[in-house]
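# Overview (structure and organization)
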Amino acid sequence: MISIAIDGPSGAGKSSISKSVADKLGFIHVDTGALYRSLAYIVLKKGISADDEISLKNLLKTTKVTIEYVDGVQKVFVNAEDVSDKIRSEEVSMMSSNISKKPIIREFLLDLQRQLAQENNVIMDGRDIGTVVLPNADVKIFLTASPEKRAERRFKQILEKGEKKEYNSILKDIIQRDYQDSHREIAPLKPAEDSVFVDTSDLTFEESVLKITEVIGAKI
Ligand code: DC
């Protein structure tokens, strides 16, 4: 099986770019952020604090996260509830970053991620795919963009959904999440030593897809 690991900070376009490239190659796309988000969703629903490790541990005992593909699109289920659309709120974003610091949360999701890569050709995106989850991936890419560019893109997406949020508050959340994700003790966001660095700040979506396709084409 072929594995392609794409890591990087939030809002760099990892998921949409990975999905497009995966479709072209006939691989499945695994958005691992959605797995952390699905746990954050259930943690919020149960009113558990991200620092209450005992309650988190108990919650995980009765929680099952699964992935299914419907017309090539990843759907995430928690205890059979389809949470794919419910996990995209700003509240879930911040909670997923908070709970992803916890070793029990990361361990809980590790097998599922590795199993998907064992059974399928995958493009898997996240924070620690090239460093921890799939250290032997065939291609590793670190995909990033400036915080301002990422905030700008998020601002536009929110507007397109008919919602409103201050640009500065989006930028602040992005900077806080980057800090938390890259400074945690376990599996922090960082480029794998053997990764190819791609900055999409000045690239359109199509240019980014082309660039990633070229990087992959040169390696496999
Ligand atoms: O990629 P995303 O924004 O959907 O991820 C949400 C959060 O999940 C992110 O802030 C950190 C965490 N995460 C992680 O710790 N490891 C991953 N492989 C993917 C996501």
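For the structure, see preceding data.
Residues numbered from 1 in each chain as written. Predicted model: local features only at pLDDT ≥ 70, side-chain atom pairs only at ≥ 80, totals over all residues. Heavy atoms only, no water.

Looking now at the site of the ligand. By nearness alone, 16 residues border the ligand, and R37, R106, R127, R177 and R184 come closest of all. Within the side chain of R127, an N or O atom sits 2.9 Å from an oxygen atom of the ligand. R177 places a polar side-chain atom, nitrogen or oxygen, 2.8 Å from an oxygen atom of the ligand. The protein chains hide 96% of the 450 Å² of surface that the ligand would expose on its own. If you list the elements that add at least two residues to the shell around the ligand, you get α2 (32-45), α4 (90-99) and α8 (167-183). (Near = heavy atom within 4 Å. Polar contact = N/O pair within 3.5 Å; in protein donor to acceptor, adjacent residues only side chain to side chain. Areas by Shrake-Rupley, 256 points an atom, 1.4 Å probe, with all protein chains shown as cover. Helix = DSSP H or I, 4+ residues; strand = E, 2+ residues; numbered from the N terminus.)

Strands sit in the order β3-β4-β5 across an open sheet of 3 strands; the sheet is antiparallel. If you trace the sheet from one side to the other, it starts and ends with β3 (65-70) and β5 (81-82), each paired once. Two strands pair when backbone bridges link them, and β3 and strand β4 (residues 73-78) are joined in this way by 6 bridges, in the antiparallel orientation. Looking across to β4, one finds that Y69 is bridged to Q74. (Pairing = 2+ DSSP bridges.)

Our focus in this paragraph is the packing of aromatic side chains. Applying the stated criterion across every chain, the model contains 2 aromatic pairs. Ring geometry for F155 versus Y167: centroids 6.3 Å apart, planes at 85 degrees, classification edge-to-face. With F155 in helix α7 (residues 147-160) and Y167 in helix α8, the pair connects residues that are 12 residues apart, well separated along the chain. Classification of F155 as partly exposed rests on a relative accessible area of 26%. (Phe/Tyr/Trp six-rings, centres within 6.5 Å; stacked < 30°, edge-to-face > 60°. Buried < 20%, exposed > 50% of the residue type's maximum accessible area, 1.4 Å probe, protein only.)

Our next topic: α4. A large share of α4 lies buried, amounting to 7 of its 10 residues. Listed as buried for α4 are V92, S93, M94, M95, S96, S97 and I99. Residues of α4 that are buried in the fold lie against α2, α5 (103-119) and α8. (Contact = heavy atoms within 4.5 Å.)

Glancing now at the sheet that holds strand β6 (residues 122-126). Pairing is parallel in the open sheet, where 5 strands are placed in the order β2-β6-β1-β7-β8. At either margin of the open sheet sits one strand with a lone partner, and together these are β2 (28-31) and β8 (196-199). Between one strand axis and the next, the sheet turns by 20 degrees as a mean value, whatever way the strands run. Of the strand pairs in this sheet, strand β7 (residues 139-144) and β8 are connected by 4 bridges, and their pairing is parallel. Paired with T144 across the strands is D199, a residue of β8. Running over the sheet, helix α1 (residues 14-25) touches β1 (3-7), β2, β6 and β7 and is turned about 175 degrees from β6. Relative to the sheet, α5 contacts β1, β2 and β6, its axis offset from that of β6 by approximately 155 degrees. (Axes fitted to C-alpha atoms, helices over the stretch in contact; angles between N-to-C directions.)

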